[in-house]
Amino acid sequence: MQWQLSLCFLLANNVVAYGLSTATRTPARSRNSMYSRNTPSTLPQAGCEPAEPANTVTERLNGLLSSGGAGYVLSLCPNQNYSITAPLQFTAPNQEISTQGLPTDNSRAMLIISGPVLQPGQANHTSAVSGQCATCNGVKLRHVQINGSRNGAQAVHGDANIEMGGSNTGQLIEFVRSFDPRSWSCLHVSQGTLDCARATVQNNDIGPCGSDAPGQWADGISIACANTTVQNNHINSPTDGGIVLFGSPGSVVENNTIWIETKTLLGGINLVDYNPWNGNYNGTVVRNNDIVGGFATDSIDDAVDNKGTNSGSAIIKIGIAMGPHVWFGNSYKVNISQGALVVDNRFQGAFGYAMAMSSVANFTVLNNVLVGDTAFIGSIGPKCSNAQGRTPPARPFVVQQSLVIGSKIQTDFTNIDDANNLICIIPPAGGHYWPFGNNHAPPSLGCDVAGSVDP
């Protein structure tokens, strides 16, 4: 119970620090419901489109979106599971898909991705909702749940659980739960022809996403749309990037919480991708986010030197990764990320590096801090190019100053000779290395903003 009380204290502090009401944070989930489906309800409900008959549900829902026109609201029924065999397609400006009554708990309608995968002559069904039509300005996905239904299988080629963006502006994704994608991300807002702008992604409950087995990873939230706001999201157990910014100039990523439990995460927040914006992160702001690495999963009674074991040997390899070399090594040669502001973020738990940067220009990186119990425990992995011992040991903040141009960096960074491909590090294979204190599980543990815990 000690770590539960610490968690509740952290959540309560976030609410106070950010001036947030409970309504602005991701709503709680019931216990033991990570992969649960709704208790089916097939009774007719006035004002919403039912899941039954199941054999026509995909065609019925897409037919309503196709004929509904601008501003149409597709209202799904609470406590119903919609097993769809193709994505639901927005077709006109300002359309909305939501659950009747706008619930914020597990009574939200559940869209279950149920179409074919790895079938000859058929595309893999990996997406529940697509908002990338040419006339999808202002569409909204709200108060629903998306179950990618990968169910432990291998990842397949395809789209994210949710595909939004494209050549559109003003889209909204909020109070959505998305988990277990079959492909590479739980939620993707794409760039279009570099003309997507002003999407809002807020108050969502994301994850788990992917496996930490090599090549089986998945992002939590993937953003390529410019001037996008990503705020107040809870992202649990992504495995590739918690929040990945593909340039997305002018975007603001703030007040999000990213945490892991027993799966290793490559990067918490990533500003490493050169494409599709040619490294343009100008005006992008990453601030006031909590990034929580692995904690001990055994009893504190079994601690050795105040450290415990983690049943999955889970760490976050890099809390915030900045610049393509940190992630991709020399693949992008002289290409750089430029122009971002990274400030006032907090790190706790087990990491390889809390922050790592190289191949950046005109970045401002200030006032980012370690809080609570932390440990830096990554070790050199088999894919590290380390013949001369150049991959640095795990430590909080590292920078390759020789590849940083015109940037303001807080003084507690350690200068290193080689910041290439730092995600090559691996966690210890067991042992008492993980801190206790804030095993950062969702608010479903039963804490309220006052920090109490249900019995």
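Residues numbered from 1 in each chain as written. Predicted model: local features only at pLDDT ≥ 70, side-chain atom pairs only at ≥ 80, totals over all residues. Heavy atoms only, no water.

Enquirer: Whenever I open this one, the overall build of the chain confuses me. Can you help?
Expert: Secondary structure assignment for the chain yields three helices and 36 strands. Here the chain displays about 16700 Å² of accessible surface, and carbon together with sulfur accounts for 52% of that area. (Helix = DSSP H or I, 4+ residues; strand = E, 2+ residues; numbered from the N terminus. Areas by Shrake-Rupley, 256 points an atom, 1.4 Å probe, with all protein chains shown as cover.)

Enquirer: Please clarify how the layout of surface pockets should be interpreted in this entry.
Expert: In this approach a probe as big as a water molecule rolls over the atoms, and the regions it shows empty are the leftover space. Counted as a void, the largest pocket has a volume near 390 Å³. Around the largest pocket sit 15 residues that line it, and P214, W217, L266, K317 and I423 are the ones nearest its centre. Class assignment of the residues belonging to the lining of the largest pocket gives a composition of eight nonpolar, four polar and three charged. (1 Å grid on protein atoms, 1.4 Å probe; cavity = no way out; pocket = protein on both sides within 12 Å on 5 of 7 lines; lining within 4 Å. Points joined across faces, edges and corners; volume = space filled by probe spheres on them. Nonpolar A, V, L, I, M, F, W, Y, C, P; charged D, E, K, R; others polar.)

Enquirer: Would you mind going over the confidence of the model for the chain with me for this structure?
Expert: Detailed reading of predicted coordinates is not advised where the pLDDT is low. Confidence in the prediction of the chain, expressed as mean pLDDT, is 87, and 84% of residues score 70 or more. Segment residues 1-37: pLDDT under 50, and 102 contacts once partners within four positions in sequence are set aside and those in other chains are kept. (pLDDT = per-residue confidence, 0-100. Contact = heavy atoms within 4.5 Å.)

Enquirer: I'm lost on the sheet that holds strand β29 (residues 360-361) in this one. Help?
Expert: Each strand in a sheet pairs with another by means of backbone hydrogen bonds, the pair being arranged parallel or else antiparallel. The sheet built from three strands is open, its strands ordered β26-β29-β33 with parallel pairing. The strands lining the two open edges of the sheet, one partner per strand, are β26 (337-338) and β33 (404-405). As paired elements, β26 and β29 share two bridges and run parallel to each other. Looking across to β29, one finds that Q338 is bridged to A361. (Pairing = 2+ DSSP bridges.)

Enquirer: Sorry, what's going on with the sheet that holds strand β34 (residues 408-409) here?
Expert: What the eleven strands build is an open sheet, ordered β1-β4-β7-β10-β13-β16-β19-β22-β27-β30-β34; its pairing is parallel. Since the sheet does not close on itself, it has two edges, and those belong to β1 (73-76) and β34, each with one partner.

Enquirer: Quick question: what am I supposed to make of the state of the cysteines here?
Expert: Here, the word disulfide means a covalent bond between the sulfur atoms of two cysteines. Counted under the stated rule, the structure contains five disulfides. Across the disulfide, C186 is cross-linked to C209 (sulfur-sulfur distance 2.3 Å). A torsion of -115° about the S-S bond marks the disulfide between C186 and C209 as left-handed. Here the residue C186 occupies a position in strand β12 (residues 185-190), and C209 occupies one in the loop between β14 (205-206) and β15 (219-223), the gap between them amounting to 23 residues. For C209, a relative accessible area of 0% puts it in the buried group. With its disulfide-bonded cysteines labelled consecutively along the sequence, the chain is connected as 1-2, 3-4, 5-7, 6-8, 9-10. (Disulfide = S-S within 2.5 Å. Buried < 20%, exposed > 50% of the residue type's maximum accessible area, 1.4 Å probe, protein only.)

Enquirer: Just checking my understanding: could you explain the pairing of β12 for this structure?
Expert: Sheet faces and side chains relate simply in a regular strand, where the side chains alternate between the two faces. In terms of burial, β12 is a largely internal element, six of the six residues being buried. As defined by bridge partners, strand β9 (residues 162-165) adjoins β12 across three bridges and the pair is classed as parallel. Note that in β12 the partner of M164 across the bridge is V189. Taken together, the four bridges between β12 and β15 define a ladder with parallel strand orientation. Looking across to β15, one finds that H188 is bridged to S222.

Enquirer: What am I meant to see in helix α2 (residues 57-68) here?
Expert: Residues spaced three or four apart along an α-helix point in a common direction, a consequence of the helix completing one turn every 3.6 residues. A rise of 1.5 Å per residue sets the reference length of α2, with its twelve residues, at 16 Å; its end C-alpha atoms lie 16 Å apart and thus fit the reference within 8%. Every buried residue of α2 is listed here: V57, T58, R60, L61, N62 and L65. In the core, the buried residues of α2 are packed alongside β1, β2 (81-84), β3 (88-89) and β4 (96-99). Following α2 by one or two positions, G69 adopts a phi angle in the positive range, close to 80°. (Expected span 1.5 Å × (residues − 1).)

Enquirer: Just checking my understanding: could you explain the packing of aromatic side chains for this structure?
Expert: Geometry of an aromatic ring pair is reported as the spacing of the ring centres plus the angle between the planes. One pass over the structure, following the stated rule, counts six aromatic pairs. Both rings, one in F347 and one in F397, keep their centres 6.2 Å apart while their planes meet at 65°; by these two values the pair is edge-to-face. Residue F347 is located in strand β28 (residues 346-357), and its partner F397 is located in strand β32 (residues 395-399); the two are separated by 50 residues in the primary sequence. By way of ring pairs, the aromatic residues F347, F351, F376, F397 and F413 are connected into one cluster. (Phe/Tyr/Trp six-rings, centres within 6.5 Å; stacked < 30°, edge-to-face > 60°.)

Enquirer: Hey, could you run me through the nonpolar core in this one?
Expert: Core analysis: the biggest nonpolar cluster contains 71 residues, and Y82, V189, L271, I320 and M322 have the highest contact counts within it. In contact with V189, not counting residues within four places along its chain, are M164, G165, I173, C196, A199, V201, S222, I223, A224 and C225. Core analysis: the next-biggest nonpolar cluster, separate from the first, contains 14 residues, Y353, V398, I416 and A419 among them. (Core = buried A, V, L, I, M, F, W, Y, C linked by side-chain atoms within 4.5 Å.)

Enquirer: What is the right way to look at the pairing of β32 in this model?
Expert: Pairing geometry for β28 and β32, over four bridges, is parallel. Across the sheet, the residue bridging to A356 is V398, located in β32. Pairing between β32 and strand β35 (residues 414-415): two bridges, direction parallel. For V398, the partnering residue across the bridge sits in β35 and is T414.

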